[in-house]
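Residue strings, one per chain:
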Amino acid sequence: GGAPAKARPAGLTTAKLEEMIQEATVDAYDESEQVMGFHNLIEENLDTPFETGVLGVTVTVENVELTDRDDLVAVCVREGKRQRIHVLDLPLPSPPPKGYEWIEAYRRWAGGATVTDEEE
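The model shown is predicted, which means the values in this text are computed figures rather than measured ones.

## Some remarks on the overall build of the protein chain
Piece 1. Scanning the protein chain for helices and strands turns up 3 helices and 4 strands.
Piece 2. Element order for the protein chain, N to C, with α for helix and β for strand: α-α-β-β-β-β-α.
Piece 3. Across the 120 residues in the protein chain, those meeting the buried criterion constitute 34%.
Piece 4. Considering only residue pairs separated by 6 or more positions, the protein chain has 43% of its internal contacts joining residues 24 or more positions apart.
Piece 5. Here the protein chain displays about 7,900 Å² of accessible surface, and carbon together with sulfur accounts for 45% of that area.

Written out as structure tokens, the structure is:
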């Protein structure tokens, strides 16, 4: 084994993330549909609401929305005010909420680290 991956909880291996990416994007024809696939799985699996720290303040993440521009954003609420933060920029609490691994899979996919030349 090489150096341990940073900030990835035990049990969430690269292989597992790749599997999840496959599951999210299996029926998608383009990037827009792939993001939609991730959104559906995050919506189904992520245990919301949950609290996390953003820029030193605690916010409640109500849910994850898909924008018109195919971005996944977390809807954060603090003292009655809502703000949307791109899922790629959202700090996850420790321990993370149930279903957070779909956010990790999306981040890996969005980072372009997926294998695309091995099509079935």
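## Considering a negative patch on the surface
Piece 1. Taken together, the side chains of Glu19, Glu23, Glu43 and Glu44 make up a negatively charged region of the molecular surface.
Piece 2. Sorting the residues of the negative patch by element identifies helix H1 (14-25) and helix H2 (31-45) as the ones contributing at least two each.
Piece 3. Tracing the backbone shows Glu23 in helix H1.

## Brief notes about the sheet that holds strand S3 (residues 72-78)
Piece 1. Pairing is antiparallel across the open sheet formed by 4 strands, whose spatial order is S1-S2-S3-S4. Edge strands, defined here as strands with exactly one partner in the open sheet, are strand S1 (50-54) and strand S4 (81-86). Pairs of neighbouring strands in the sheet enclose a mean axial angle of 45 degrees, with direction left out of account.
Piece 2. Pairing between strand S2 (residues 57-66) and S3: 6 bridges, direction antiparallel. Within the sheet, the bridge partner assigned to Thr60 lies in S3 and is Val77.
Piece 3. Where H2 meets the sheet, its contacts fall on S2 and S3, and the angle it forms with S2 comes to roughly 125 degrees.

## Description of the pattern of salt bridges
Piece 1. Taken as a whole and judged by the stated rule, the model has 5 salt bridges.
Piece 2. Ionic pairing is found between Glu62 and Arg82, a salt bridge with its closest N-O pair at 2.9 Å. Within this pair, whereas Glu62 is found in strand S2, its partner Arg82 is found in strand S4, the two being separated by 20 residues in sequence.
Piece 3. Of the residues examined, Glu62 reaches a relative accessible area of 31% and is grouped as partly exposed.
Piece 4. Accessibility expressed as a relative area gives 49% for Arg82, which makes it partly exposed.
Piece 5. Linking Arg84 and Glu65 is a salt bridge whose minimum nitrogen-to-oxygen distance equals 2.9 Å. One end of the pair, Arg84, is in strand S4; the other, Glu65, is in strand S2, with 19 residues separating them in the sequence.

## Considerations on H2
Piece 1. For H2, with 15 residues, the first-to-last C-alpha span of 21 Å sits near the 21 Å given by 1.5 Å per residue.
Piece 2. Every buried residue belonging to H2 is among Val35, Gly37, Phe38, His39, Leu41 and Ile42, and all of these are buried.
Piece 3. On the buried face of H2, the contacting elements are H1, S2, S3 and helix H3 (101-110).
Piece 4. Of the residues flanking the start of H2, the one acting as N-cap is Asp30, its side-chain oxygen 3.2 Å from the backbone nitrogen of Ser32.

## Remarks on the side chain of His39
Piece 1. Positionally, His39 belongs in helix H2.
Piece 2. A residue is classified by how much of its surface remains accessible, and His39, at 10% relative accessible area, is buried.

The rules behind each value
- Residues take numbers from 1 onward in each chain, read along the sequence in its written order.
- pLDDT decides what is reported in this predicted model: residues at 70 or higher carry local features, side-chain atom pairs at 80 or more are listed and counted, and totals for whole chains, interfaces and linings draw on all residues regardless.
- Where side-chain values are given, they derive from all heavy atoms of the structure, hydrogens and water being excluded.
- Think of it this way: any DSSP run of H or I at least four residues long counts as a helix, any run of E at least two long counts as a strand, and we number them from the N terminus.
- Note on classification: 1.4 Å probe, protein chains only; a residue is buried when its accessible area is under 20% of the maximum for its type, exposed when over 50%, partly exposed between these limits.
- Contact criterion: two residues are considered in contact whenever any of their non-hydrogen atoms come within 4.5 Å of each other.
- Shrake-Rupley sampling with a 1.4 Å probe provides the accessible areas, and residues are treated as covered by the protein chains on show and by no other component.
- Each patch is built from residues lacking any salt bridge and having more than 30% relative accessible area; the joining distance is 9 Å for like charges and 5 Å for nonpolar side chains (Val, Leu, Ile, Met, Phe, Trp, Tyr).
- Salt bridge, as used here: a side-chain nitrogen of Lys or Arg that lies within 4 Å of a carboxyl oxygen of Asp or Glu.
- Lys and Arg are tallied as positive, Asp and Glu as negative. Neither His nor the chain termini are counted.
- In plain terms, the charge of a residue is placed at NZ if it is Lys, CZ if Arg, CG if Asp and CD if Glu.
- Paired strands are those between which DSSP finds at least two bridges.
- Comment: axis = line fitted to C-alpha atoms, over the contacting stretch for helices; angle = value between 0 and 180 degrees taken between N-to-C directions.
- For a helix, the expected span equals 1.5 Å multiplied by the number of residues minus one.
- Polar contacts, as used here, are pairs of N or O atoms within 3.5 Å; protein pairs need one atom able to donate a hydrogen and one able to accept it. Residues neighboring in sequence count only if both atoms are side-chain atoms.

Function cannot be read off these values alone, since they describe shape.
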